Amino acid sequence: MKKSLILSLAFILVFAFFISCRKKVEEVPPPPPQVEEQPKVEKVVEPPVVKEPELSEEEIFMRKSLEEINLEKPLEMIHFDFDKYFIRDDAKPTLVTNAAWLKKWESVNVLIEGHCDERGTEEYNLSLGEKRAKSTLDYLVSLGISPDRMKIISYGKSQPLDIGHNEIAWQKNRRAQFTIIKK
Amino acid sequence: MIKKLFFLLCGFFLLAGIDLYSQQEVVLSIKEGMPAIPIAIPPFIVHENNGETNTAAEALHKIITDDLKYSRVFALLPKSYYSYIRPLNPKKIFFKDWESIQAKILFVGEISNDQGENILFEGKLYDVKAGRFIFGKRYQAEKSLLRLVAHKMSDEIMKIFGEPSIFTSKIVFVSNRDGNDELYMMDYDSHNQTRLTFNNVKDYMPAWSADRKKIAYTSYRKYKASLYILNPYEGKLIEVQDIGTNFAPAFSPDGKKLAFCSTIEEGNSEIYIATSEGKNIKRLTFNKAIDTAPTWSPTGREIAFTSDRGGTPQIYIMDAEGSNVRRVSFGGSYHDAPSWAPTGDRIAYISRVNQIFDIYVLNLHTNRIIKLTESNARNESPCWSPDGRHIIFSSNLTGTVQLYSIDYDGTNMRRLTTKGENKLPDWSR
């Protein structure tokens, strides 16, 4: 009897323990519901634009092709009297401006072309054009430009600016003009 | 007493004569030279009569007739005269017939077909008065070469009369007909205009070598005006001189030397001389003035040129070594572009008066001057034909610059070019 009592007691104890244990388990709060991770929305902003450093005048100049520079005509042409090749007084300020530009751009080499109007013969005009180019070169040398930076050529009357046959056209055609050939 | 008076008078006339010559008066159009020789060129005889051969015969006849008419050596008999006499029989020529219509020389042409494409042309020259055969020549050629055959025949006829070959000579010139100044050449009668240079640069002032094989000229390349020598028949081009502006080349008559203008030194144009290949360059003129446009005397001993050493451009002559310089043009303020006649006695040049350029011919023996052209235009760059009877030049007579030829006495002016603008002619010797 006693044995069965003990047994039942033990059983009860175990049961009770079990119950209590269970109770304990039940008391554990449910794990928090798993949150699904959402991708973070990233706002894309434009990257900072690379800003070129401001170009110096020199860099702008060096970027241009010879053709582009020549199109801008940085060196103004000068004109001559009929059959003459001396530098006229009205051409001198132009040459001073041209010399200043050549001093600014030390690396530039220039071709001075001598031209004539149609009222001279082909042969004499070629020589006259050369004389015009030469006196222009000499004047620029007197203003401090190195003769090594300048070349001369004569086209005689073969390249008129104005194909007219009047004093206005002739005056336009009697000229020394500049072409930049190296920078 | 009478004797004394006679000497005095003689002296007076002598003085007057000297005075007259030293004044260099301008005299218009003097007809000079010997009378032309009357020549009969009856229609050519055609064997194996067919259409094509007939056309070829007519073409040959026309070209040879035109050539000999142009020569100024012959006077052609009017065609109508041939109907007055018995028709020509090449086997038996009745010289009395030809004498009766005043022919001194008779040219008989016979033409036949030779194996299809080729023609066979035979020309014979007879002395009518002596009734004898002078010379004959036979040519075989393709039909496309008719013009050349005719010109060769004409040249042979001229040769008999001691004349240089002119009809096979060539004229080189500058034309912009294809957009850019390039070199072209043509026959003396403006046929066969052929382009010689193919580049995008300006080609300028061509000059033939004595052997008609090479052309010296200026070409603007690489910011330079360099001198080149072109062999158009071999397609060869060599650069001769590339320092400074180089122009106005002129080969010596013996073909060994080349005179030209250059600004090698000090940017002033001086006359230089080199071998015909442009080697061994020597300077001939030494002064601060412009010296340009050299032209050789036919002996090769002297060079005429333009210089403004006296203040205005004038014609001077110097020895080919550069010494003994003397002025030969007077009485104007602008003389240029001298061309020494192959006969040696005359120099053609340009004189500018009131913006008009006309061609003048100075006779070096008599100091007489002939005004060759009379036009309200710019006539430029005169150049003599090989026989010294014609001058080619450029003129803006019609508004555009074109080439013309004119005879030594100012007659027979004819236009040679039409396309584009054409200038700076040089007639091969």
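Worth saying up front: this structure is predicted, and the values here are computed from it rather than measured. (Residues numbered from 1 in each chain as written. Chains lettered and ligands numbered in written order. Predicted model: local features only at pLDDT ≥ 70, side-chain atom pairs only at ≥ 80, totals over all residues. Heavy atoms only, no water.)

### Digging into the overall build of chain B
Broken down by element type, chain B carries 4 helices and 31 strands. Scaling as 2.2 N^0.38, a compact globule of 429 residues should have a C-alpha radius of gyration of about 22 Å, and chain B matches this with 25 Å. Expressed along its principal axes, the backbone C-alpha trace of chain B runs to roughly 80 × 70 × 40 Å. Scored against the burial criterion, the 429 residues of chain B give a buried share of 54%. A separation of at least 24 residues holds for 41% of the contacts in chain B among residues at least 6 apart in sequence. As presented, chain B carries roughly 19,500 Å² of accessible surface, and 54% of it is formed by carbon and sulfur atoms. For chain B, the distance from the average site of its 53 positive side-chain charges to the average site of its 49 negative ones is 3 Å. (Helix = DSSP H or I, 4+ residues; strand = E, 2+ residues; numbered from the N terminus. Rg over C-alpha atoms; globule rule 2.2 N^0.38 Å. Buried < 20%, exposed > 50% of the residue type's maximum accessible area, 1.4 Å probe, protein only. Contact = heavy atoms within 4.5 Å. Areas by Shrake-Rupley, 256 points an atom, 1.4 Å probe, with all protein chains shown as cover. Lys, Arg positive; Asp, Glu negative; His and termini not counted. Charge placed at Lys NZ, Arg CZ, Asp CG, Glu CD.)

### Some thoughts on the interface of chain B and chain A
On the side of chain A, 25 residues touch chain B, which itself brings 34 residues to the contact. Carbon and sulfur atoms make up 56% of the surface buried where chain B meets chain A, a total of about 2,700 Å² over both sides. In terms of surface lost to chain A, no three residues of chain B exceed Tyr 220, Tyr 223 and Ile 290 of chain B, which account for 22% of the buried area on that side. Along the contact surface separating chain B from chain A lie 3 salt bridges. Glu 380 of chain B is the salt-bridge partner of Lys 157 of chain A, the closest N and O atoms lying 2.3 Å from each other. In this structure, the connection of chain B to chain A is made through 18 residue pairs in polar contact (both at pLDDT 80 or more). No other element matches the 3 residues that strand S19 (residues 291–296) of chain B contributes to the side of chain B that touches chain A. (Buried area = accessible area lost by both parts, 1.4 Å probe. Salt bridge = Lys/Arg side-chain N within 4 Å of Asp/Glu carboxyl O. Polar contact = N/O pair within 3.5 Å; in protein donor to acceptor, adjacent residues only side chain to side chain.)

### Details of the pairing of strand S5 (residues 105–114) of chain B
Looking along a regular strand, one sees side chains alternate from face to face of the sheet. Residue and element names in this part refer to chain B. Counting buried positions along S5 yields 10 of 10 residues, so the element is predominantly enclosed. Because side chains alternate across S5, one face comprises the buried residues Ile 105, Phe 107, Gly 109, Ile 111 and Asn 113, and the other comprises Leu 106, Val 108, Glu 110, Ser 112 and Asp 114, equally buried. By the bridge criterion, 2 bridges tie strand S2 (residues 37–40) to S5 in an arrangement that is parallel. Bridging across to S5, Ala 40 finds its partner in Leu 106. When strand S3 (residues 45–46) meets S5, the two strands line up parallel, connected through 2 bridges. Residue pairing for S5: Ile 45 is matched across the bridge by Glu 110. Here S5 runs beside strand S6 (residues 118–127); their pairing, made up of 10 bridges, is antiparallel. When the bridges of S6 are listed, Ile 111 appears paired with Phe 121. (Pairing = 2+ DSSP bridges.)

### Thoughts on the domain arrangement of chain B
Bring the parts together and some accessible area is lost; that lost area is often taken as the interface size. Residue and element names in this part refer to chain B. When its domains are assigned, chain B resolves into domain 1 (37–160) and domain 2 (170–427). Averaged C-alpha coordinates put domain 1 and domain 2 at centres separated by 37 Å. The interface is formed by 8 residues belonging to domain 1 together with 15 residues belonging to domain 2. Of the roughly 950 Å² buried between domain 1 and domain 2, counting both surfaces, carbon and sulfur atoms make up 45%. Three residues stand out in domain 1 for area buried against domain 2, namely Tyr 70, Arg 72 and Arg 147, and they jointly supply 74% of the buried area on that side. Taken together, domain 1 and domain 2 are joined by 3 salt bridges. The salt bridge partner of Asp 409 is Arg 72, with a shortest N-O separation of 2.7 Å. Across the domain 1-domain 2 interface, the total number found is 9 residue pairs in polar contact (both at pLDDT 80 or more). When residues in the side of domain 1 that touches domain 2 are grouped by element, the largest group, 4 residues, is from helix H2 (residues 51–71). Of the residues belonging to the side of domain 1 that touches domain 2, the class tally is 2 nonpolar, 2 polar and 4 charged. (Domains from an automatic or database assignment. Nonpolar A, V, L, I, M, F, W, Y, C, P; charged D, E, K, R; others polar.)

### As for helix H4 (residues 92–104) of chain A
Residue and element names in this part refer to chain A. The end-to-end C-alpha distance of H4, which contains 13 residues, comes to 18 Å, matching closely the 18 Å that a straight helix rising 1.5 Å per residue would cover. Among the residues making up H4, those that are buried are Thr 94, Leu 95, Asn 98, Ala 99, Trp 101 and Leu 102. One side of H4 carries all its buried residues, which in axial view fall inside an arc of 160°. Lining the buried residues of H4 we find helix H2 (57–63), strand S1 (78–79), strand S2 (109–115), helix H5 (122–142) and strand S4 (175–182). (Expected span 1.5 Å × (residues − 1). Arc of directions from axis to C-beta.)

### Structural notes on the sheet that holds S1 of chain A
Residues and elements named next belong to chain A. In space, the 4 strands of this open sheet follow the order S1-S4-S2-S3, with mixed pairing throughout. The two strands at the open ends of the sheet, each matched to only one other strand, are S1 and strand S3 (150–156). Alignment of S2 against S3, held across 6 bridges, turns out to be parallel. Pairing of Ile 112 across the sheet is with Ile 152, part of S3. Those strands touched by H4 are S1, S2 and S4, and its axis lies near 5° from that of S4. The strands that H5 touches are S1, S2, S3 and S4; relative to S3, the one it contacts most, it runs at about 155°. (Axes fitted to C-alpha atoms, helices over the stretch in contact; angles between N-to-C directions.)

### Quick notes on the packing of aromatic side chains
Aromatic ring pairs: the centre-centre distance and the angle between the two ring planes describe each pair. Residue and element names in this part refer to chain B. Under the definition given, this model contains 21 aromatic pairs over all chains. The interplanar angle of 90° and the centroid separation of 5.0 Å between the aromatic rings of Phe 74 and Phe 161 together place this pair among those described as edge-to-face. Within this pair, whereas Phe 74 is found in strand S4 (residues 74–76), its partner Phe 161 is found in the loop between helix H4 (146–160) and strand S8 (170–175), the two being separated by 87 residues in sequence. A relative accessible area of 27% means that Phe 161 is categorised as partly exposed. Cation over ring: Arg 177 sits above Tyr 184, and NZ or CZ is 4.7 Å from the ring centre. In this structure, Arg 221 is placed above the aromatic ring of Tyr 228, and the distance from its NZ or CZ to the ring centre is 4.7 Å. (Phe/Tyr/Trp six-rings, centres within 6.5 Å; stacked < 30°, edge-to-face > 60°. Lys NZ or Arg CZ within 6 Å of the ring centre and 35° of its normal.)

### Let's talk about the pattern of salt bridges
Residues and elements named next belong to chain A. Applying the stated criterion to the full structure yields 42 salt bridges over all chains. For the salt bridge of Glu 106 with Arg 149, the shortest nitrogen-to-oxygen distance reads 3.9 Å. Placement of the pair is Glu 106 in the loop between H4 and S2 and Arg 149 in the loop between H5 and S3, with a sequence separation of 43 residues. Given the relative accessible area of 55%, Glu 106 is considered exposed. Looking at Arg 149, the relative accessible area reads 11%, which means it is buried. What emerges from the salt-bridge pattern is a single network uniting Asp 117, Arg 119, Glu 167 and Arg 174.

### A few points about the sheet that holds strand S9 (residues 182–187) of chain B
Residue and element names in this part refer to chain B. The 4 strands are arranged S10-S9-S8-S31 in an open sheet whose pairing can be described as antiparallel. Each edge of the open sheet carries a strand with a single partner, namely strand S10 (194–195) and strand S31 (422–427). Pairing of S8 with S9, which is carried by 6 bridges, proceeds in the antiparallel orientation. Bridged to Phe 173 within S9 is Tyr 184.

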